[in-house]
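Listed here are the chains, written in short residue letters.
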Amino acid sequence: MADSLGMKSVVIHPYAGVLSAFGIGLADQGITKEVSVQKTLSDRTLEEVSILADSLHAEFNKTSLKTRSKDTHLAKPQFNVRLLVKYLGSEVRIELALDEYRLLKRDFETQHMRQFGYLQQNCEIQIDAMVVSLVEPSESNLSAVTVEPIVSSVDKHLPADSQYTIHYRENLSISEIVYGPALIIEKTGTNVLEPGWNAEVLADYSLRFSQTEQLSSELSVTKKQSRKLALDPVQLEIFNNLYMSVAEQMGEILARTAHSVNIRERLDFSCAIFNENGELIANAPHVPVHLGSMSHSVKAIISKVDKISAGDSYLINSPYSGGTHLPDLTLVSPLFIAGIEQPVMYFASRAHHADIGGITPGSMPAASKHINEEGILFDGLKVVENNQLLTQVIDEYFSKGALPARNIAQNIADLAAQQAANIAGQKEMKKILEKYGFSYIQQVTNAILDNGELAVKNALKTLSSGAYQLKMDSGAVVAVDIKINDQQAVIDFSQSSLQQNSNFNAPRSITDAAVIYVFRTLVDKNIPLNAGCMRPLKVIVNKGSMLDPEYPAAVVAGNVEVSQAIVTSLFLALGVQAASQTTMNNLSFGNHAYQYYETLAGGTGAGHNYHGTDAVHSHMTNSRLTDPEVLEQRYPVILRQFAIRQNSGGLGRFNGGNGLTRTIQFNQKMTVNILSNSRIVAPPGLFGGQAGKCGKNMLHTIDGNTTLLAENCELEVKAGESLTIKTPGGGAYGAYENL
């Protein structure tokens, strides 16, 4: 394993086989209590915290005395006070020792900058909680503990020509070196020392295995080597996961530091890495509609910005330059290395902001017909310079026009979180580049893209050509004709409806994202989604159609509803899977003080040898719902019902999944917007399977009446009124009578 991972040294503790068990037995004993504070960091708050800490210390001492009367071996107890400090509105808490105000503020800002790469200007610092503990250290000495193993007999068959020498660990001296091949036997295990390795006994009796011969693996290619690279499957897997882990770390930073519920709780964001040409290299498993389309935005930045400098980041959401819909703000950051004038990679994070302006709170209007009604449009604005967020520039742009953003402070905080995510990605990639060299990593990247292309080509061999016309509730049609040969698939959408005089228009980037998503799901290998997957796919779309609209077309539903329809039409045309709910059931509500948006799960379609799944987000959305406790804490609403909608999936040889039922009561007057589909046209089954049930949107008024709402609507609700959404079920696969 060490050879495969490129590791040259491995340290093995004397009790490596049972170390966790020792740890449990020798752990310190103590009492810990977390007390909520939730007050602004100030001298006065610190005085109050100190008084509370003293009272808890006295309380803990009483318990400690009782414990010590029984366990006399315990050392003198140690009392500790730690503060959990954060920016107001953030959920990231930094643990600090209790100190005076000036030093606490300094330490908080130092650690926040070190962890996340930015500070929030003019943002209140809050003591969220205090953690007090009384710890009674164990005086046990690990080195004095002896092991009495249960003896068992195990036969070890070595090769006939084996030259393995046998050594007993207890007989080895400090600094003694054993050369492989060898077996080092101890009371709790056996260590196999392979040829080309040696083992040295360290001062604490640990064994350090070190490589003495050059790795045969391609991972040992020197930094200056530039020959053609052919990675074996193990190496491909290693680098695929290495790149994906960088994107996952970006996502972790973004989720932890964002302020809005949309990003922090619902995880409506995506992070990815791109090569010098803006091609997708790797991503974390975030939101498919983001991941397949983000490359268009990165390429737009590359073409639009004349001079890109290190430490700069650019903001883009234009649906005509690779964006999805306006609330999805994409921050693009270049990576430079010494000796190369142009960026060698790009890092991008795309996040759905709670509000971006427009005619309705939440920026998801049901009735928009012009892009300006959906919010503020960015087409490559520099918002970071020298790694510093240009808050004044951002504030000015979010305040522009007659329909500005409603919570600019939150927008800035979330952009700061996106910048922190991009910086984290850059730092991790620099470590990789320093270790392997740019020339080698560039070849690895090309090999990964080639592998993505090959994987899709292999998948095409198992598929058949097909066509399908899917009618949506609006009457618009997504028509696809797929022609497949062994090397290429031509996906022709030219018979789809023209650009709509509504917001059901999907930008071209969305169409491509849906295509690459479908064909990636049909690859029977665990590879990351990357630009290589798109190489064997030729997509034909008419300019000015609902799948490639022109300015100033409204697009807010294209990202969420038309994208799902594209996926459904592709799966049905290929004969692979019945329709899933074919909607995201978009719900947004708000007023001057609150803005919230969510998508609702539903039933998935069945396929050959499997039933659909109940009540899950599917296909182009991979977000989650806000926890009920968080929803009710942050917004003036009550979640009255949240349950699986039984018997809503289609019946067949394999049944479609069930949708869900969700009822929210409003405690304040709110503007509500619903964008949905499959309220009139049911999600189709496949090969004789029944369709899933249509969804329903209903308003329950204070006087007890219930009104059936349209699939797309905007309404004003009063305090005490509630909304119920029943999401569609998935279609079935195969005729029911064939059972």
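How each quantity is defined
- Residues numbered from 1 in each chain as written.
- Predicted model: local features only at pLDDT ≥ 70, side-chain atom pairs only at ≥ 80, totals over all residues.
- Heavy atoms only, no water.
- Phe/Tyr/Trp six-rings, centres within 6.5 Å; stacked < 30°, edge-to-face > 60°.
- Helix = DSSP H or I, 4+ residues; strand = E, 2+ residues; numbered from the N terminus.
- Buried < 20%, exposed > 50% of the residue type's maximum accessible area, 1.4 Å probe, protein only.
- Salt bridge = Lys/Arg side-chain N within 4 Å of Asp/Glu carboxyl O.
- 1 Å grid on protein atoms, 1.4 Å probe; cavity = no way out; pocket = protein on both sides within 12 Å on 5 of 7 lines; lining within 4 Å.
- Points joined across faces, edges and corners; volume = space filled by probe spheres on them.
- Nonpolar A, V, L, I, M, F, W, Y, C, P; charged D, E, K, R; others polar.
- Core = buried A, V, L, I, M, F, W, Y, C linked by side-chain atoms within 4.5 Å.
- Axes fitted to C-alpha atoms, helices over the stretch in contact; angles between N-to-C directions.
- Parallel < 35°, antiparallel > 145°, perpendicular 65-115°, else oblique.
- Contact = heavy atoms within 4.5 Å.
- Pairing = 2+ DSSP bridges.
- pLDDT = per-residue confidence, 0-100.

Which residues make up the packing of aromatic side chains, and what are the values?
In this description, an aromatic ring pair is defined by two values, namely the gap between the centres and the angle between the planes. Taken as a whole, this structure holds 16 aromatic pairs when the rule is applied. Aromatic side chains Tyr87 and Phe108 sit 5.1 Å apart centroid to centroid with 80 degrees between the ring planes, which places their arrangement in the edge-to-face category. On the criterion of sequence distance, the pair formed by Tyr87 in strand β3 (residues 78–87) and Phe108 in helix α4 (residues 101–116) is long-range, its members being 21 residues apart. Phe108 carries the same exposure label as Tyr87, and that label is buried. On the basis of an interplanar angle of 65 degrees and a centroid distance of 5.4 Å, the ring pair of Phe239 and Tyr436 is categorised as edge-to-face.

I'd love a proper account of the pattern of salt bridges, names of residues and values included.
Taken as a whole, this structure holds 25 salt bridges when the rule is applied. For Lys457, the salt bridge goes to Glu453, with nearest N and O atoms at 3.2 Å. Placement of the pair is Lys457 and Glu453 together in helix α11 (residues 438–460), with a separation of four residues, close to one helical turn.

Provide a residue-level description of empty space enclosed by the protein, including the pertinent values.
On inspection of all chains with the given rule, the structure shows four cavities of 30 Å³ or more. Of the voids in this model, the largest cavity is the one considered here, and its volume is about 80 Å³. Asp268, Asn559, Val560, Met584 and Tyr597 are, among the 16 residues lining the largest cavity, the residues nearest its centre. Breaking the lining of the largest cavity down by element, the ones donating at least two residues are α7 (288–291), α13 (556–574) and β24 (595–599). Classifying every residue of the lining of the largest cavity gives six nonpolar, seven polar and three charged.

Any details on the nonpolar core? Residues and values, ideally.
Within the largest apolar cluster, 71 residues are counted, with the highest numbers of intra-cluster contacts made by Ile491, Phe493, Val515, Val518, Phe519 and Leu570. Residue contributions to this core peak at eleven residues, all from α13. Ranked by size, the runner-up nonpolar core spans 36 residues in total, among them Ala255, Ile273, Ala282 and Ala420.

Tell me about the packing of helix α10 (residues 408–436) against α11, and please be specific about residues and values.
Two numbers describe a pair of packed helices, the interaxial angle and the distance between the axes. For the pair α10 and α11, the least separation of the axes is 7 Å and the interaxial angle reads 110 degrees. Judged on the interaxial angle alone, α11 and α10 are roughly perpendicular. Touching Ile432, Leu433 and Tyr436 of α10 are Phe438, Tyr440 and Ile441, all from α11.

Could you give an account of the sheet that holds strand β27 (residues 670–675), naming the residues involved and the relevant values?
Strands sit in the order β24-β23-β27-β30 across an open sheet of four strands; the sheet is antiparallel. One side of each edge strand has no neighbouring strand; the edge strands of this open sheet are β24 and β30 (712–717). Within the sheet, the average angular offset between the axes of one strand and its neighbour, ignoring direction, is 15 degrees. Taken together, the five bridges between strand β23 (residues 586–590) and β24 define a ladder with antiparallel strand orientation. By the bridge assignment, Leu587 is partnered in β24 with Glu598. Sheet strands touched by α13: β23, β24 and β27. Its angle to β27, the strand with the most contacts, is close to 45 degrees.

I'd like a description of the confidence of the model for the chain, backed by residues and values.
Averaged over all residues, the pLDDT of the chain equals 88, while 91% of them reach at least 70. Residue range residues 215–227 is modelled with pLDDT below 50. Its contacts to residues more than four positions away, or to other chains, number 31 contacts.

Account for the sheet that holds strand β15 (residues 328–335), naming residues and giving values.
Strand order in the open sheet formed by seven strands is β13-β12-β16-β15-β14-β17-β18, and the pairing between neighbours is antiparallel. Two strands bound the open sheet, and with one partner strand each, they are β13 (280–283) and β18 (388–389). Bridging between strand β17 (residues 379–385) and β18 involves two bridges; their strand directions are antiparallel. Considered in β18, the bridge of Val384 is made with Leu389. The sheet contacts of helix α8 (residues 294–304) involve β12 (269–275), β13, β14 (313–316), β15, β16 (345–352) and β17, and relative to β16 the element is tilted by about 125 degrees.

Could you give an account of the pairing of β3, with specific residues and numbers?
Look at any regular strand and the pattern is simple: side chains alternate between the two faces of the sheet. Alignment of β3 against strand β5 (residues 125–136), held across ten bridges, turns out to be antiparallel. When the bridges of β5 are listed, Arg82 appears paired with Val131. Summarising the sheet, β3 and strand β4 (residues 94–97) pair through four bridges and their orientation is antiparallel. Among the inter-strand pairings, Arg82 is bridged to a residue of β4, identified as Ala97. Hairpin geometry of β3 and β4 is characterised by an intervening segment of six residues between the two adjacent antiparallel strands and by a positive phi of about 95 degrees at Gly89.

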